[in-house]
Each structure stands twice: as structure tokens, then as C-alpha cells.
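The residues making up each chain are set out below.
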Amino acid sequence: MTLNGKIILKGVGLHSGKECELVIEPYETDEILMNELPLKDFNFTGTNRGSDYVFKDGSRIKTCEHVLSALTGMGIWSGVKLTVKGGEMPALDGCGRILSDEISKSPLKIPNKIKALEISSPVIVFSEDRKRFVAAFPYDHLHVTYTVEYDFIGTQIFDYDHSPENYYENISRARTFAMLSDIEYLRSHGMALGGSLDNAIVVGEKIQASGGLHWPNEFVRHKVLDLIGDLAALGKPLNAHIIAVRAGHELHLKLAEELKKSYGRVGY
């Protein structure tokens, strides 16, 4: 699918706290462009705090994962241009629901079908201590099994079978979260300056969430949302069974990089 109407979204950046703007509009292209560059042509870097898309000159667009998750999670892989002002995606609701709603309201048309990346053998990436990993196994569509483990949250496992409808109903409302014990450190290092209970869940001995949790396992669902957004770095859908254990943006993007290496950066 491709977008058939312009969407303009404004708000503070999650980390910068500064006003940012995102314009998504139809464009004659067989891929997704962001500030005129195809997603697959960016360099990218991730930490546990977000995923940045990096231009060749070193400039970057920060925290792209939620917007790209909503866009590709709702089935849009071509025919659109994203223009980001302010150096960071607007945080919006800290998940993908606002953009998913906008996409749902916009008329859609079907372009030439974007062929998904098919893999023929497993691709696995580990953290340095080998206690965390993400693996992709051959499969006929995207399926995700994700496990997280956090203090105060415990262990959560979520099994997700991808479709735009399933994404909208079961993933798009899952909000980002931060540990209360980390917030002072993050803000002293110029991060989470735009974070609030309007766009994040705060986890401590007590869980603070505007309106309460959307699901008891909202945390692991959000990690699935992040993964889908990070895999947009491939520039096309992926058919694979993804198994992720205690992973995050860095490993998600490492997997994307390994898939590019294994299946070629051009014409893969």
C-alpha cells in the first residue's frame, strides 16, 4: 500500500525536548524516502534509547523507530516521502497509534507490489556478553517471538503474527517506557527531555501510565513495535520468524545490517 494524502505531525522530540515536525506525503518512488534519501541507503545506529538514521555527512535524524514502525506496520513500503524538521521525530504518543490512525483515515491505493526479503538460512546476532540475541529464521511471512526481562516488570513473552490489522489492534498502542531510576541520568546526559506520561510509561516500584496500562504485557508488545520499526532499515518487508531475547535497538539494527550483508545492499 502507499499513502494517498499528506499527513503533518508536530510535537516535541522524545530526547531533545525541542519542537519537531514530520510531513509524510505521496511521492513517485518505489520505496520510502526520508529527507530525500531511501531508507536502505542510510547508515543507522541504535542504543537502548532509540534508533538514529545517519547521513553520509554525519548528521542524523533521531528516534525514528516509532514512526517507521507505524508506517511499515500498517503496510506502507513505497510511494511516500518523509520530511523531518528539528533533527528528531516528534514523540507524539510514544507508540504508533496516532500515525496508524492517520494512515487508517487516509485513502490508500495499491502500487506495484514490493517484494519481501526472503532468507534461506538463519541469521543470528548476539550482545557482547552473549546473554541477549536476535535471530531470523526462514519463514513465509513475518512472525515475532519476543522475550523481555526487567526489574519490577519481570519476564514477559509475546508471540506476534504480522499483518497490518494485527499490528493496529495489538501493537500500535504499546508505549515506550523508562525505569524511574534511569530518568535523572538520562536527563543529565541530554536525553528524555521531552518524555512525559503523555508519551511514556515510567516503571519503578509503582508503574505510572496515563490511563493505566493498555495491556498487562504492554512492555514486551512495545519491544515488538520497536523491532518492526528498526527492521524498516532494510527498505523492504522481511519474511522471517524473528526470535528476540532481552534485545533492543542495537541488536535489532545489527540484525538488519547482517541481513544486508548476507543478501546484498543492492537489489537484494
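Residues numbered from 1 in each chain as written. Predicted model: local features only at pLDDT ≥ 70, side-chain atom pairs only at ≥ 80, totals over all residues. Heavy atoms only, no water.

(A) A look at the overall build of the protein chain. Looking only at helices and strands, one finds six helices and 19 strands in the protein chain. Against the compact-globule benchmark of 18 Å for 268 residues, the protein chain has a radius of gyration of 17 Å, which places it among compact chains. Counting only C-alpha atoms, the protein chain reaches 50 × 40 × 40 Å along its principal axes. Residue burial in the protein chain is summarised as follows: out of 268 residues, 54% are buried. Here the analysis covers contacts within the protein chain between residues at least 6 apart in sequence; of these, 72% occur between residues at least 24 apart. Accessible surface computed for the protein chain: about 12,300 Å², of which carbon and sulfur atoms make up 50%. In the protein chain, which carries 30 positive and 35 negative side-chain charges, the distance between the mean positions of the two groups comes to 2 Å. (Helix = DSSP H or I, 4+ residues; strand = E, 2+ residues; numbered from the N terminus. Rg over C-alpha atoms; globule rule 2.2 N^0.38 Å. Buried < 20%, exposed > 50% of the residue type's maximum accessible area, 1.4 Å probe, protein only. Contact = heavy atoms within 4.5 Å. Areas by Shrake-Rupley, 256 points an atom, 1.4 Å probe, with all protein chains shown as cover. Lys, Arg positive; Asp, Glu negative; His and termini not counted. Charge placed at Lys NZ, Arg CZ, Asp CG, Glu CD.)

(B) Representation of empty space enclosed by the protein in the model. Taken as a whole, this structure holds two cavities of 30 Å³ or more when the rule is applied. Lining the largest cavity are L14, T63, E65, H66, V67, M89, P90, A91 and G94. Here the lining of the largest cavity is composed, by residue class, of five nonpolar, three polar and one charged. A volume near 40 Å³ is recorded for the second largest cavity. It is helix 1 (residues 65–73) that contributes the most residues to the lining of the second largest cavity, three residues altogether. Of the residues assigned to the lining of the second largest cavity, the class counts are seven nonpolar, two polar and no charged. (1 Å grid on protein atoms, 1.4 Å probe; cavity = no way out; pocket = protein on both sides within 12 Å on 5 of 7 lines; lining within 4 Å. Points joined across faces, edges and corners; volume = space filled by probe spheres on them. Nonpolar A, V, L, I, M, F, W, Y, C, P; charged D, E, K, R; others polar.)

(C) Local environment of the nonpolar core. Residues M34, L82 and I242 are the most contacted members of the largest nonpolar core, which totals 62 residues. Beyond its immediate stretch of four places on either side in the chain, M34 contacts L39, F42, Y53, F55, I61, C64, L82, V84 and M89. Ranked by size, the runner-up nonpolar core spans seven residues in total, among them F177, M179, A209 and F219. (Core = buried A, V, L, I, M, F, W, Y, C linked by side-chain atoms within 4.5 Å.)

(D) Quick peek at helix 1. A large share of helix 1 lies buried, amounting to nine of its nine residues. When we look at burial in helix 1, the residues that qualify are E65, H66, V67, L68, S69, A70, L71, T72 and G73. Positioned one or two residues after helix 1, G75 has a phi angle of 95°, which is positive.

(E) Broad picture of unusual backbone geometry. A positive phi is found at T63, a non-glycine position, where the angle reads about 45°. On the accessibility criterion, T63 (8% relative accessible area) is buried. In the Ramachandran plot, R130 falls in the positive-phi region, its phi being about 60° despite a non-glycine side chain. Among the secondary structure elements, R130 is positioned in the loop between strand 12 (123–126) and strand 13 (133–138).

By themselves, these figures tell us nothing about what the structure is for.
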